[in-house]
Amino acid sequence: KTWTSKERYAPYASYSPAELECLQKRQAGSIWHLNYHIQPQSGLLNDPNGFAYFNQRWYLAYQNFPFGAVHGLKSWHYLSSPDLVHWREEDLFLEPQSPYSTHGVYSGSALPIDDQLFLMYTGNVRTPDGGRISTQVGNWLDQDQHLGTQEIPLIKQPAGYTANFRDPQILFVDGQYYALIGAQTQSQKGAILLYQAAKPTGPWNLIGPLDLGEDLGFMIECPNLAFVDGQVALIFCPQGLDRTQVPYANIYPNMYLLADGIDWQQAKLINPCPLQNFDEGFDCYATQVVNGPHKESYAISWLSLPEIVYPTDQEDWQGCLSLVKQLHLQNGKLIQVPVTIPTSSEKFDPLHDKLRFNEVLTFDLKTLPTGTITLGNSTEQLSFQFQADQKTLTIDRQQAGQAIISDYGDTRTIALDSGAHQLKLWLDASSFELFLDGGQKVVSGRFFPTTNDWRIQTQLNISVKITGQRLQKIF
Ligand code: FRU
């Protein structure tokens with residue numbers, strides 16, 4: 001089905017409860033329904049939003065169009081968790097509202113303030129002539145999960161920038177509120193605008209664009225700043241970034257900068273390191289980070305990308321989130337360590353048993369080998385090809401089940417030194433996340449197996465120690 005723009009923006013009330021229930025059943029019954037990753041109850045999921053520790057629980061929402069696998073009228077759909085592993089769907093939705101978000105509640109963040117949670121996000125309005133109005137708005141959530149009835153307008157599109165102005169992250173540092181907002185200059189350059197306020201409800205004053213040192217694409221989405229082990233990590237999505245600046249393979253990249261600190265008044269990072277890829281895989285975008293109550297920092301990403309056709313589109317749903325990843329620093333790089341999903345009591349012998357796509361597998365290699373580790377059978381394979389002479393590992397998902405329609409290739413190649421390596425692979429029904437050497441590199445992607453007799457096969461020039469556990473089903 002092709003969706004007209006009228007259909008994509010039709011009010012939620014124009015759908016019957018029976019239609020929604022039918023979509024939810026199809027999602028729940030899909031062979032690609034994930035076991036321990038956040039996924040949409042129905043329709044399309046994109047960015048993680050409003051991630052915060054509030055009222056003794058973790059709150060996390062996702063961007064959702066509930067009625068199909070398209071980027072239609074967006075809202076936030078909240079879940080909460082005591083431990084970042086077990087999630088409960090909340091009856092808490094941020095839905096389009098007049099006058100600021102009639103055409104979508106876009107991405108944003110949340111900050112606990114006194115005994116309430118302050119939500120700051122982008123209200124999207126489309127005008128009859130095809131134009132766009134982006135307003136940064138706020139709302140309060142109380143401890144009984146009641147939202148204020150009206151969105152509070154906070155920031156309008158500033159002079160010199162286009163209506164591609166969205167995804168505010170609100171922060172509280174040294175008695176001041178700051179907001180980082182993704183933006184595009186009138187001359188089509190990506191920017192991150194920094195605002196300051198004494199109160200979350202404003203007035204918000206523009207300090208200026210963050211000095212990023214160089215031009216970064218035509219638009220920056222989803223800027224997020226976290227304090228990681230005493231340094232500053234700025235994670236963002238520079239759309240259209242020149243591939244000669246930092247190589248990347250996906251349609252749009254998710255990148256980060258590390259710095260010793262940030263000079264808020266000068267809108268400048270102190271001693272920034274060069275720009276780096278946050279994930280070297282196929283489908284990782286719009287990562288949101290939050291500092292927890294003990295200053296620890298956690299990231300979660302959208303595991304899909306804009307403008308790609310996924311096999312679940314035929315079932316009218318799309319997208320999932322990554323595992324939550326705790327961030328640390330090592331040698332000028334971010335280290336990502338996923339939260340641990342509890343193992344199930346079921347026995348699992350990774351050398352002989354079939355995979356059920358709810359396992360964590362560990363491969364210990366004494367040196368960088370040559371050869372292949374393959375998951376699959378005679379018709380479907382997800383493969384990991386090592387080349388010791390090239391010092392590379394290539395992850396190939398071309399035959400890993402139903403095809404993902406994309407112009408961005410079926411393989412990703414990463415550089416590895418010739419020493420020992422550990423691969424930890426989290427497999428779910430339609431996602432994999434590979435954490436190398438304790439999270440020094442991460443390769444995430446979707447895959448869509450259609451057969452259920454996958455096993456592990458190795459063909460390597462050295463021996464490999466393989467261990468694995470089956471995991472509990474969370475969803
Ligand atoms: C990123 C993004 C954001 C926007 C949201 C809308 O994937 O385009 O910039 O707020 O999705 O769903």
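All figures in this text were calculated on a predicted structure; none of them were measured in a lab.

### Section: the overall build of the protein
Looking only at helices and strands, one finds two helices and 33 strands in the protein. Here the C-alpha radius of gyration of the protein, 22 Å, is about what a compact globule of 475 residues would show, namely 23 Å. Expressed along its principal axes, the backbone C-alpha trace of the protein runs to roughly 65 × 55 × 45 Å. Going through the 475 residues of the protein one by one, you find that 46% of them count as buried. Across the protein, the fraction of contacts at a sequence separation of at least 24, relative to all contacts at a separation of at least 6, is 58%.

### With respect to the UniProt feature "domain: Glycosyl hydrolase family 32 N-terminal" (unreviewed entry) in the protein
UniProt records the feature "domain: Glycosyl hydrolase family 32 N-terminal" (unreviewed entry) for residues 37–338 in the present numbering. Counting secondary structure, residues 37–338 comes out at 0% helix and 52% strand; the distance between its end C-alpha atoms is 12 Å.

### Observations regarding the confidence of the model for the protein
Across the protein, the average pLDDT comes to 97, with 100% of residues at 70 or higher. The ipTM for the predicted assembly is 0.99, set against a pTM of 0.98.

### Side note on the sheet that holds strand 27 (residues 392–396)
With antiparallel pairing, five strands are arranged side by side in an open sheet as 28-27-26-25-32. The open sheet has two edge strands, strand 28 (411–415) and strand 32 (455–460), and neither has a second partner. Within the sheet, the average angular offset between the axes of one strand and its neighbour, ignoring direction, is 15°. Both strand 25 (residues 371–376) and strand 26 (residues 381–387) contribute to a ladder of six bridges, which runs antiparallel.

### Examining the domain arrangement of the protein
Domain annotation of the protein identifies domain 1 (5–338) and domain 2 (359–470). Relative to domain 2, the C-alpha centre of domain 1 lies at a distance of 29 Å. Across the contact, 31 residues belong to domain 1 and 26 residues belong to domain 2. For the side of domain 1 that touches domain 2, a count of residues per class yields 18 nonpolar, nine polar and four charged.

### A word on the site of the ligand
Not every one of the 13 residues close to the ligand is listed here, only the nearest: Q63, K74, Y106, S107 and E221. Of all the secondary structure elements, the ones that give two or more residues to the shell around the ligand are strand 1 (43–54), strand 5 (105–113), strand 9 (166–173) and strand 13 (219–228).

### Some points on the environment of D174
Along the chain, D174 turns up in the loop between strand 9 and strand 10 (176–184). Along the primary structure D174 and C284 are separated by 110 residues, whereas in three dimensions their C-alpha atoms are 32 Å apart.

### A short note on the pairing of strand 22 (residues 325–330)
Sheet analysis places strand 20 (residues 297–302) next to strand 22, joined by three bridges and oriented antiparallel. Bridge assignment links Y298 to a residue of strand 22, and that residue is Q326. Of the pairings in the sheet, the one linking strand 22 to strand 23 (residues 333–338) comprises six bridges and is antiparallel in character. Following the sheet pairing, L327 is matched in strand 23 by Q336. Counted between consecutive antiparallel strands, the loop separating strand 22 from strand 23 contains two residues, among which N331 sits at a positive phi close to 50°.

### Quick word on the nonpolar core
In terms of nonpolar packing, the biggest core is built from 129 residues, with I192, A233 and Y256 touching the most fellow members. A domain-level breakdown of this core finds at least three residues from each of domain 1 (5–338) and domain 2 (359–470). With sequence-adjacent residues up to four places away left out, I192 is seen in contact with L180, I181, G182, A183, P209, L210, L212, I220, P223 and F236.

### Focus: the sheet that holds strand 19 (residues 285–291)
The strand order across the open sheet formed by four strands is 19-20-22-23, and the pairing between neighbours is antiparallel. Bordering the open sheet on either side are strand 19 and strand 23, each of which pairs with just one other strand. For this sheet the average axis-to-axis angle between neighbouring strands, irrespective of direction, equals 40°.

### Some words on the pairing of strand 11 (residues 190–197)
The side chains of a regular strand alternate between both faces of the sheet. Counting buried residues in strand 11 gives six out of eight residues, a clear majority hidden from the surface. Sheet topology places strand 10 next to strand 11; eight bridges connect them, and they run antiparallel. Bridge pairing links I181 to L193 in strand 11. A loop of five residues connects strand 10 with strand 11, the two strands running antiparallel in sequence, and Q188 in this loop sits at a positive phi of about 65°. Examined bridge by bridge, strand 11 and strand 12 (residues 205–209) share four bridges and lie antiparallel to one another. Of the residues in strand 12, the one forming a bridge with L193 is P209.

### So, unusual backbone geometry
With an omega of 0°, the peptide bond running from S98 to P99 counts as cis. With respect to the helices and strands, P99 occurs in the loop between strand 4 (88–94) and strand 5. Going from G202 to P203, the amide bond is cis rather than trans, its omega being 0°. Considering the arrangement of structural elements, one finds P203 in the loop between strand 11 and strand 12. The backbone of N55 shows a phi angle near 60°, a positive value even though the residue is not glycine. Tracing the backbone shows N55 in the loop between strand 1 and strand 2 (57–65).

About the cut-offs
Residues numbered from 1 in each chain as written. Predicted model: local features only at pLDDT ≥ 70, side-chain atom pairs only at ≥ 80, totals over all residues. Helix = DSSP H or I, 4+ residues; strand = E, 2+ residues; numbered from the N terminus. Rg over C-alpha atoms; globule rule 2.2 N^0.38 Å. Buried ≥ 20, exposed ≤ 12 C-beta atoms within 10 Å, placed from the backbone. Contact = placed C-beta atoms within 7 Å. UniProt positions renumbered as here; feature names shortened; annotations may be inferred. pLDDT = per-residue confidence, 0-100. Pairing = 2+ DSSP bridges. Axes fitted to C-alpha atoms, helices over the stretch in contact; angles between N-to-C directions. Domains from an automatic or database assignment. Nonpolar A, V, L, I, M, F, W, Y, C, P; charged D, E, K, R; others polar. Near = placed C-beta within 6 Å. Core = buried A, V, L, I, M, F, W, Y, C linked by C-beta atoms within 7 Å.

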